Amino acid sequence: MKWKVLAFWLLVFAGLFFFFRSFNIFFYQQQEEMQLFIPEWFFIRDLLFIPGGFCSVSGQMLVQYYPDLFIAISVNSLLISSTGVLCYLLLQTIARREYNLLLALVPVAALTKVHMNLNYVPDGTIGILLMMLLLFIFTVLRRKQVWFLYSLASTFVIYILAGQMAALYGIALAALSFFQRKEKWPYAFFALFTGLGLSFLSARLSLSIPLTDGIYSIRYQEKQMLPESFIYFVWIRYTLLLVILYLITYSLDKIKGEKLLGKIAVTGSTAILVSLFIYFFCLPDRQDIQNRLIYELSYWERHQKWDNLIQMHKGKKIPNPISQNYLNMALAAKGELGDKLFHFDQQGPQSLIAPWDGSYYMSAMLSDIHYMIGDISTAESYAMEGLTLAKRTCSPRMLQRLIQTNLIRGEYAIARKYINLLERTPYYYTWAEKYGAYLREPEKIAQDKELGAKKLPSTEDDNLLCLVGMDSLWEKHLSEPTVNRIALDYLGCSYLLAKEMNAFKAFLLQIADKAEWQPLPIHFQEAALVLSVEDASVLEKIKVQPEIIRRCRQFQADIKQARNSPDGLGLLYRQYGDTFWFYYYCKQLN
């Protein structure tokens, strides 16, 4: 390989690395936490005995190191750029032209796009890399006696290593041999028929799902939640793209472009076509950008970087309940929910707890919120849902939550079962060892800064998640001997966001005389002034700071003037947009 070609692919690798480093940095934690890989022979052996097990083992083995971002980004960049190098070498066997470098960027860009999708796993790219490698080896064979044996042997090899890829390998090999215009191409049909036969038998014997499941649209694949189905979706389209590139290279070679002007015209046209393909099909779309935001929110929350979460939302319109949930969780963790809730855009009670949509992502978020509040049973229920919804029906993050909730409950045998799993992983070994020590000395649980602060309620209802009312769940914390400030902040703020002033009044009178609540949160004092409009006696029991009273009177005067001004609402928002009064009187909820 000439040094210019080598330099080109090194630049491609560097470009992929910096792209993933800037755009995809928060993605890898999400992918890692959605599967559990135990690097022990008994676990690996069962996978290897299944066609395609090698790719599955290799992919899962790589993903377990994704918490190290340098490893994650390097591995993804290397896998994708390696497929590009092999694609270039294959195209060169059809026609040795410089524009093949540009054509080889097409599958690189396409793979980069799917590597931003949480439903895709690196197993798929490892399978593509194996196919490309075996295709390239076939092109360098010169002896006729070897062509037949290799076409059969390589098909069986890729079937063992990559499963259903065998059928696509046969198609790609037959097409490549045909466009090379060499007499070896009839031998490739042995690989084609063998691959199709193995793929059919594998599906009939239920060794794998049918390759045809990958034909359906990306929306279908996302609903299926099966890594293999999404892998087949990518494999089928990658193989089709590869055959199209064969055809393009073959066709361009027929164009007489030996003169400088002809070369420039062909290369320029190729560059334009490749650029258009990347622009329309491979750049991050709106969904990718939204997902990136969600991955970033989850990343900061999991590492308890509350200031980062709050800073992300300052001065911005918050686009969805998920962002609002994370923001309000950060405010609650810092003890600022009752003081700064309305400093940010809020859209009703769902801004505190969004409705569960049956996804792993929502299960993990809701489990974290309820665990922070102290709703141990609800947090455990969502963790169990997340465990079953994870990509390969297990999640180390959800196992961590189940260990914590069972230690709090005193269910040490169940906690031991989950700890045993995490102790056998390289990344979670230290964490599991720490919590395993509590099984030997349970009295130390009360001394743990996190676990010791969580208390089980005296009574727990056995309800389905869909039947749990948030206000009734948090009202139970009112009867606890110690004040659970976060839970009661959530309860009071949920009434304010729903504009349920009678319920808030009853709640406020229950906590008003407790020393732990003095002074009351700012928004609770603002709401007390709203209540005093109809019941002046409220202010006899609730202490409100003089500055808040003065500002409320000014608001009442300004809102009357605003009704006669074309920009009255905007003026009010600029002056009082951080108050409960503006939310209560001026904000219309859907």
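Residues numbered from 1 in each chain as written. Predicted model: local features only at pLDDT ≥ 70, side-chain atom pairs only at ≥ 80, totals over all residues. Heavy atoms only, no water.

**A word on the overall build of the protein**
Scanning the protein from terminus to terminus reveals 31 helices and zero strands. Looking at the protein as a whole, 52% of its 590 residues qualify as buried. Pairs at least 24 residues apart make up 70% of the contacts formed inside the protein by residues separated by at least 6 positions. Carbon and sulfur atoms form 61% of the exposed surface of the protein, whose accessible area is close to 28,200 Å². Counting 58 positive and 51 negative side-chain charges, the protein places the centres of these two groups 12 Å from one another. (Helix = DSSP H or I, 4+ residues; strand = E, 2+ residues; numbered from the N terminus. Buried < 20%, exposed > 50% of the residue type's maximum accessible area, 1.4 Å probe, protein only. Contact = heavy atoms within 4.5 Å. Areas by Shrake-Rupley, 256 points an atom, 1.4 Å probe, with all protein chains shown as cover. Lys, Arg positive; Asp, Glu negative; His and termini not counted. Charge placed at Lys NZ, Arg CZ, Asp CG, Glu CD.)

**Description of the environment of Leu 352**
The residue Leu 352 is located in the loop between helix H18 (337-340) and helix H19 (360-373) in this model. Using a relative accessible area of 0% as the deciding quantity, one classes Leu 352 as buried. Each C-alpha atom of the pair Leu 352 and His 523 lies 15 Å from the other, and the pair is 171 residues apart in sequence.

**A closer look at empty space enclosed by the protein**
Taken as a whole, this structure holds three cavities of 30 Å³ or more when the rule is applied. In this model, the largest cavity occupies a volume close to 100 Å³. Class assignment of the residues belonging to the lining of the largest cavity gives a composition of seven nonpolar, four polar and one charged. (1 Å grid on protein atoms, 1.4 Å probe; cavity = no way out; pocket = protein on both sides within 12 Å on 5 of 7 lines; lining within 4 Å. Points joined across faces, edges and corners; volume = space filled by probe spheres on them. Nonpolar A, V, L, I, M, F, W, Y, C, P; charged D, E, K, R; others polar.)

**Some details on the layout of surface pockets**
The gaps left among the atoms become clear once a water-sized probe is rolled over them. Size it by volume and the second largest pocket reaches roughly 1,200 Å³. Along the wall of the second largest pocket there are 38 residues; nearest its centre are Gln 304, Tyr 371, Arg 401, Gln 404 and Glu 450. Breaking the lining of the second largest pocket down by element, the ones donating at least two residues are helix H2 (27-33), helix H15 (286-302), helix H17 (321-333), H19, helix H21 (396-409), helix H23 (429-440) and helix H25 (485-498). Residue composition of the lining of the second largest pocket, grouped by class: 18 nonpolar, eight polar and twelve charged.

**Looking at the pattern of salt bridges**
All told, the structure shown has 21 salt bridges when counted by the stated rule. Note that Lys 334 and Asp 307 form a salt bridge whose closest N and O atoms lie 3.0 Å from each other. Here Lys 334, found in the loop between H17 and H18, pairs with Asp 307, found in helix H16 (residues 306-313); they are 27 residues apart in sequence, far enough to count as distant. Among the residues examined, Lys 334 registers a relative accessible area of 35% and is labelled partly exposed. Residue classification places Asp 307 among the partly exposed residues on the basis of a relative accessible area of 48%. Between Asp 368 and Arg 397 there is a salt bridge, and its shortest N-O distance comes to 2.3 Å. Residue Asp 368 is found in helix H19, and its partner Arg 397 is found in helix H21; the two are separated by 29 residues along the sequence. In this structure Asp 368 comes out as buried when scored by relative accessible area, which is 6%. For Arg 397, a relative accessible area of 6% puts it in the buried group. By sharing partners, the salt bridges in this structure join Glu 33, Glu 301, Arg 302, Asp 368, Arg 397 and Arg 401 into a single network. (Salt bridge = Lys/Arg side-chain N within 4 Å of Asp/Glu carboxyl O.)

**Notes on the packing of aromatic side chains**
Enumeration over the complete set of coordinates arrives at 41 aromatic pairs. Consider the rings of Phe 17 and Phe 18, whose centres lie 5.8 Å apart with planes at 80 degrees: the pair is edge-to-face. Residue Phe 17 is classed as buried on the basis of its relative accessible area of 16%. Relative accessible area serves as the criterion here: at 59%, Phe 18 is assigned to the exposed category. (Phe/Tyr/Trp six-rings, centres within 6.5 Å; stacked < 30°, edge-to-face > 60°.)

**Description of a nonpolar patch on the surface**
Residues Ile 272, Leu 273, Leu 276, Tyr 279, Phe 280, Phe 281 and Leu 283 make up a contiguous nonpolar surface patch of about 810 Å² in total accessible area. Here Ile 272 shows up in helix H14 (residues 260-281). (Patch = residues over 30% accessible without salt bridge, like charges linked within 9 Å, V, L, I, M, F, W, Y side chains within 5 Å.)

**A look at the packing of H19 against helix H20 (residues 376-389)**
Between two packed helices, what matters for the description is the angle formed by their axes and the separation of those axes. At a minimum axis distance of 8 Å, the contact between H19 and H20 shows a crossing angle of 160 degrees. With respect to H20, the axis of H19 lies roughly antiparallel. Two packed elements cross with a definite hand, and for H19 against H20 that hand is left-handed. Contact residues: H19 offers Tyr 360, Ser 363, Leu 366, Ser 367, His 370 and Tyr 371, while H20 offers Ile 376, Thr 378, Ala 379, Tyr 382, Ala 383, Glu 385, Gly 386 and Leu 389. Counted by class, the contact of H19 with H20 contains eight nonpolar, five polar and one charged residues. (Axes fitted to C-alpha atoms, helices over the stretch in contact; angles between N-to-C directions. Parallel < 35°, antiparallel > 145°, perpendicular 65-115°, else oblique. Left-handed = near helix turned anticlockwise from the far one by under 90°.)

**Brief notes about the packing of helix H29 (residues 546-562) against helix H30 (residues 568-576)**
At a minimum axis distance of 9 Å, the contact between H29 and H30 shows a crossing angle of 165 degrees. Classed by the angle they form, the pair H29 and H30 counts as roughly antiparallel. In this structure, the crossing between H29 and H30 has a hand that is right-handed. On H30, the residues touching Arg 551, Gln 554, Phe 555, Asp 558, Ile 559 and Ala 562 of H29 are Gly 568, Leu 572, Gln 575 and Tyr 576.

**Comments concerning the nonpolar core**
Ranked by size, the top nonpolar core spans 178 residues in total, and within it Met 131, Met 132, Leu 135, Tyr 246 and Phe 524 carry the most contacts. In terms of residues, this core owes the most to one element, helix H13 (residues 227-254), which gives twelve residues. Dropping the residues within four chain positions of it, Met 131 is found in contact with Ile 158, Met 165, Leu 168, Tyr 169, Ala 172, Tyr 238, Thr 239 and Leu 242. (Core = buried A, V, L, I, M, F, W, Y, C linked by side-chain atoms within 4.5 Å.)

**A word on the side chain of Glu 526**
With respect to the helices and strands, the residue Glu 526 is situated in helix H27 (residues 522-532). Among buried charged residues, Glu 526 stands out as having no salt bridge; its nearest opposite-charge side chain is Arg 551, 4.8 Å away. At a separation of 2.9 Å, a polar atom in the side chain of Glu 526 contacts the side chain of His 523. A distance of 2.9 Å separates a polar side-chain atom of Glu 526 from the backbone nitrogen of Phe 580. (Polar contact = N/O pair within 3.5 Å; in protein donor to acceptor, adjacent residues only side chain to side chain.)

**Points about the environment of Arg 21**
Looking at the secondary structure, you find Arg 21 in helix H1 (residues 3-23). Along the backbone, Arg 21 and Phe 70 are 49 residues apart, and their C-alpha atoms lie at a distance of 8.6 Å.

**Quick look at the state of the cysteines**
Overall, the coordinates contain zero disulfides when judged by the stated rule. Cys 282 provides the cysteine sulfur closest to Cys 87, a residue in no disulfide bond, and the two sulfurs are 13 Å apart. Since its relative accessible area comes to 0%, Cys 87 is described here as buried. (Disulfide = S-S within 2.5 Å.)

**As for H25**
End to end, H25 covers 20 Å across 14 residues, agreeing with the expected 20 Å (1.5 Å per residue, within 8%). Burial analysis of H25 places eleven of its 14 residues in the buried class, which makes it a mostly covered element. Within the sequence span of H25, burial applies to Ala 487, Leu 488, Asp 489, Tyr 490, Leu 491, Gly 492, Cys 493, Ser 494, Tyr 495, Leu 496 and Leu 497. (Expected span 1.5 Å × (residues − 1).)

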